[in-house]
Amino acid sequence: MHGYMRAMQDDFSQCMVLNTRMAARAVTRHADHRLRRFGVTAAQFNILTTLNDHPDRSVTEMANSIAMERSTLSRNLDLLERKGLVAKQAAEHGNRRIVALSEAGAELVEKMLPEWRKWQAELRDTLTNPDFEGAIAALQQLAKL
C-alpha cells in the first residue's frame, strides 16, 4: 500500500483535479466555439436549456441545480435579459427572483439544439475508453462530492 501511495504522490499527471479541470476547460472551449454564432457562451447555453427544461425557477434553485455560483449566474442572467432571452420577475412571496425564458430565448434554444446534438455526438465518439456512459456516470459521481 505504501508503494502505491508513493507512486500516486509522484505522478501528478494522474491527478483527478488537474485532469478534470483540463477536460472541463477543453469541452467548454469547444462548446464556446460552436455556440459563438448564436451569440451565447457554453455557460449561457446551460442556463437557457435549464430554463427550457425547468421553467420559473428562482436564481438560487437554478444556481444549485447547475453547480454555478449565484453571482456568476446572476451576471449571466443579466446579460441574457439584456439580449431579450430571459425575463426576471419577483416571486409572490419573499425577495426571490423567478427567471423564465422569453419567446426569443425559447426560439434560440430550438435553433441551437441541432448544433448541440451534433457536438454531443462528436464528444461521445471521442470517448472510446472509457465509454461515454461510464465517463458521464463517473463525472456525476464526482459532482456529488
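What you see is a predicted model, and the numbers here were worked out from it, not measured in a lab.

J.: Could you give an account of the overall build of the protein chain, naming the residues involved and the relevant values?
T.: The helix and strand tally for the protein chain stands at 7 helices and 3 strands. Helices and strands appear in the protein chain in the N-to-C order α-α-α-β-α-α-β-β-α-α. Across the 145 residues of the protein chain, 30% fall into the buried class. Taking all contacts inside the protein chain whose residues are at least 6 apart in sequence as the whole, residues at least 24 apart take part in 49%. Accessible area for the protein chain stands at about 10100 Å²; split by element, carbon and sulfur atoms hold 55% of it.

J.: Could you give an account of the pairing of strand E3 (residues 97–101), naming the residues involved and the relevant values?
T.: In the sheet, strand E1 (residues 57–58) pairs with E3 via 2 bridges, with the strands oriented antiparallel. Considered in E3, the bridge of Ser-58 is made with Ile-98. Judged from the 5 bridges that link them, strand E2 (residues 86–90) and E3 form a sheet pairing that is antiparallel. In the sheet register, Lys-88 faces E3, and the bridge partner there is Val-99.

J.: Report on the packing of helix H3 (residues 42–53) against helix H6 (residues 103–126), specifying residues and quantitative values.
T.: Contact geometry for H3 and H6: axes closest at 11 Å, N-to-C directions at 115°. By the angle between their axes, H3 is roughly perpendicular relative to H6. The crossing of H3 and H6 is left-handed. Taking contact as the criterion, the partners of Phe-45, Leu-48, Thr-49 and Asn-52 in H3 are, on H6, Leu-108, Val-109, Met-112 and Trp-116. Residues of the contact of H3 with H6, tallied by class, amount to 6 nonpolar, 2 polar and no charged.

J.: Help me get a handle on H3, residues and values and all.
T.: With 12 residues, H3 ought to run about 16 Å at 1.5 Å a step, and its terminal C-alpha atoms sit 16 Å apart, in line with that. Listing the buried residues of H3 in full gives Ala-42, Gln-44, Phe-45, Ile-47, Leu-48, Thr-49, Thr-50 and Leu-51.

J.: Mind laying out the packing of helix H2 (residues 16–35) against H6, listing which residues take part and the relevant values?
T.: Across the interface, H2 lies against H6 with an axial gap of 11 Å and an inter-helix angle of 145°. Our pair here, H2 against H6, has a crossing hand that is right-handed. Taken together, the residues of H6 that come into contact with H2 (itself represented by Val-27, His-30, Ala-31, Arg-34 and Leu-35) are Met-112, Glu-115, Lys-118, Trp-119, Glu-122 and Leu-123.

Scoring rules and cut-offs
- Counting restarts for each chain, with residues numbered from 1 along the sequence as it is written.
- The predicted nature of this model means local features are confined to residues of pLDDT at least 70 and side-chain atom pairs, given and counted, to a pLDDT of 80 or more, with totals for whole chains, interfaces and linings taken over all residues.
- Values shown for side chains rest on all heavy atoms present in the structure; no hydrogens or waters enter the calculation.
- Strands here mean DSSP runs of E at least two residues long; helices mean DSSP runs of H or I at least four residues long; both are numbered from the N terminus.
- The buried label goes to any residue with under 20% of its type's maximum accessible area, the exposed label to any with over 50%, and the partly exposed label to all in between, with areas taken from a 1.4 Å probe on protein chains only.
- The contact rule is simple, with two residues in contact once any of their heavy atoms fall within 4.5 Å.
- Computed by Shrake-Rupley with a 1.4 Å probe, the accessible areas treat only the displayed protein chains as cover when residues are assessed.
- Here, a strand pair is defined by DSSP locating no fewer than two bridges between the strands.
- Angular values range over 0 to 180 degrees, each being the angle between N-to-C directions of two axes fitted as lines to C-alpha atoms, with helices fitted over their stretch in contact.
- Should an angle fall under 35 degrees it is taken as roughly parallel, and over 145 as roughly antiparallel, whereas 65 to 115 is taken as roughly perpendicular and any remaining angle as oblique.
- Each crossing is labelled by how the near helix is turned from the far one, with a counterclockwise turn of less than a right angle marking it left-handed and a clockwise turn marking it right-handed.
- Asp, Glu, Lys and Arg are counted as charged, while Ala, Val, Leu, Ile, Met, Phe, Trp, Tyr, Cys and Pro are counted as nonpolar; the rest, among them Gly, fall into the polar class.
- For a helix, the expected span equals 1.5 Å multiplied by the number of residues minus one.

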